[in-house]
Amino acid sequence: MRHGDKINNLGRKKAHREALLANLASQLITHKRIVTTLAKAKALRTYVEPLITKTKKNGNEAQISHQHRIVFSYLQDKAAVKELFTVIAPKVAARPGGYTRILKLGIRVGDNAETAMIELVDFNEIYGKSVAKSAEPAKKTRRSGGSRKKAETKAEAAEEATPVEETKPEAAAE
């Protein structure tokens, strides 16, 4: 029975699995997105998200350098740790969690493995631009039922109330 055994072993011994996840995490931090198998991507998400959370801890200089040492013990890559603390941490400072996104890509031709792309959410320009451009919808509560409809009708009523001056085509020709 597997009671309480939640870790995906990925068909590897502990040392090999930790080395694999450390390498995948440092590549994800460096390149902001990588393509791997779905099982490795899901295991990587649980490995790298706590590390990104550790970069958000702010305090005195001793606490910050201690967080650097903790993250370095997981990644074993100075360049990735520096990138994580200098580039990624300021960008995800306001995000409460969920720093990565996994997109399924289909199956790999050689061995029929299910592949996926794992990426850092705040570094995707395609999704970031569309979210920034969209207007914030009205808050919807459980009790009001249709507060969004009420907000739309108020906006339409305001548009109808303001008089729109029409230009006469005769005056425009002169």
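This is a predicted model, so every value here is computed, not measured.

With that settled, consider the pattern of salt bridges. For side chains of opposite charge, pairing can occur when their charged atoms come near one another. Per the stated rule, a full pass over the model turns up six salt bridges. When the shortest N-O distance is used, the salt bridge between Glu18 and Lys14 registers 2.4 Å. Linking Glu18 with Lys14, this pair stays in helix H1 (residues 14–31), spanning four residues, or about one helical turn. Residue class for Glu18 comes out partly exposed when judged on its relative accessible area of 40%. On the accessibility criterion, Lys14 (53% relative accessible area) is exposed. Arg101 is the salt-bridge partner of Glu119, the closest N and O atoms lying 2.8 Å from each other.

Another point: H1. Given 3.6 residues to a turn, an α-helix orients residues that are three or four positions apart in the same direction. For H1, which comprises 18 residues, the first-to-last C-alpha distance of 26 Å matches the rise-based estimate of 26 Å (1.5 Å per residue) to within 8%. Buried within H1 we find Arg17, Leu20, Leu21, Ala22, Leu24, Ala25, Ser26, Leu28 and Ile29. Against the buried residues of H1 lie strand S1 (33–37), helix H2 (38–55), helix H3 (61–75), helix H4 (78–91), strand S2 (100–107) and strand S3 (114–120). Immediately beyond the C-terminal end of H1, within one or two residues, lies Lys32, with a positive phi of roughly 70°.

Let us now look at the side chain of Thr100. Within the secondary structure, Thr100 is located in strand S2. Within the structure, Thr100 has its side chain in polar contact with the side chain of Glu49 (distance 2.6 Å). Beyond its immediate chain neighbours, meaning those up to four positions away, Thr100 contacts Leu28, Arg45, Val48, Glu49, Ile118, Glu119, Leu120 and Val121.

Attention shifts here to the confidence of the model for the protein chain. Mean pLDDT over the protein chain works out to 83, with 74% of the residues at or above the 70 mark. This model gives residues 130–136 a pLDDT under 50, and the stretch forms zero contacts once residues within four places in sequence are excluded.

Assignment of secondary structure puts Ser26 in helix H1. Here Asn23 takes part through its backbone oxygen, which lies 3.0 Å from a polar atom of the side chain of Ser26. Excluding residues within four positions of it along the chain, Ser26 makes contact with Leu75, Asp77 and Ala80.

Quick look at the packing of H2 against H4 now. Contact geometry of H2 with H4 gives a least axis separation of 9 Å together with a crossing angle of 85°. Relative to H4, the element H2 lies roughly perpendicular. Judged by residue contacts, Leu51, Ile52 and Thr55 of H2 engage Leu84, Phe85 and Ala89 from H4. A breakdown of the residues in the contact of H2 with H4 according to their chemical character gives five nonpolar, one polar and no charged.

A word on the sheet that holds S1. The three strands are arranged S1-S3-S2 in an open sheet whose pairing can be described as antiparallel. Sheet topology places S1 and S2 at the edges, where each strand pairs with a single neighbour. Ignoring which end each strand starts from, the neighbouring axes of this sheet average 25° apart. With seven bridges joining them, S2 and S3 adopt antiparallel strand pairing. Within S3, the residue paired with Ile102 across the bridge is Ile118. Most of the contacts of H1 go to S1, to which it runs at about 145°, and overall it touches S1, S2 and S3.

Cut-offs and rules
Residues numbered from 1 in each chain as written. Predicted model: local features only at pLDDT ≥ 70, side-chain atom pairs only at ≥ 80, totals over all residues. Heavy atoms only, no water. Salt bridge = Lys/Arg side-chain N within 4 Å of Asp/Glu carboxyl O. Helix = DSSP H or I, 4+ residues; strand = E, 2+ residues; numbered from the N terminus. Buried < 20%, exposed > 50% of the residue type's maximum accessible area, 1.4 Å probe, protein only. Expected span 1.5 Å × (residues − 1). Contact = heavy atoms within 4.5 Å. Polar contact = N/O pair within 3.5 Å; in protein donor to acceptor, adjacent residues only side chain to side chain. pLDDT = per-residue confidence, 0-100. Axes fitted to C-alpha atoms, helices over the stretch in contact; angles between N-to-C directions. Parallel < 35°, antiparallel > 145°, perpendicular 65-115°, else oblique. Nonpolar A, V, L, I, M, F, W, Y, C, P; charged D, E, K, R; others polar. Pairing = 2+ DSSP bridges.

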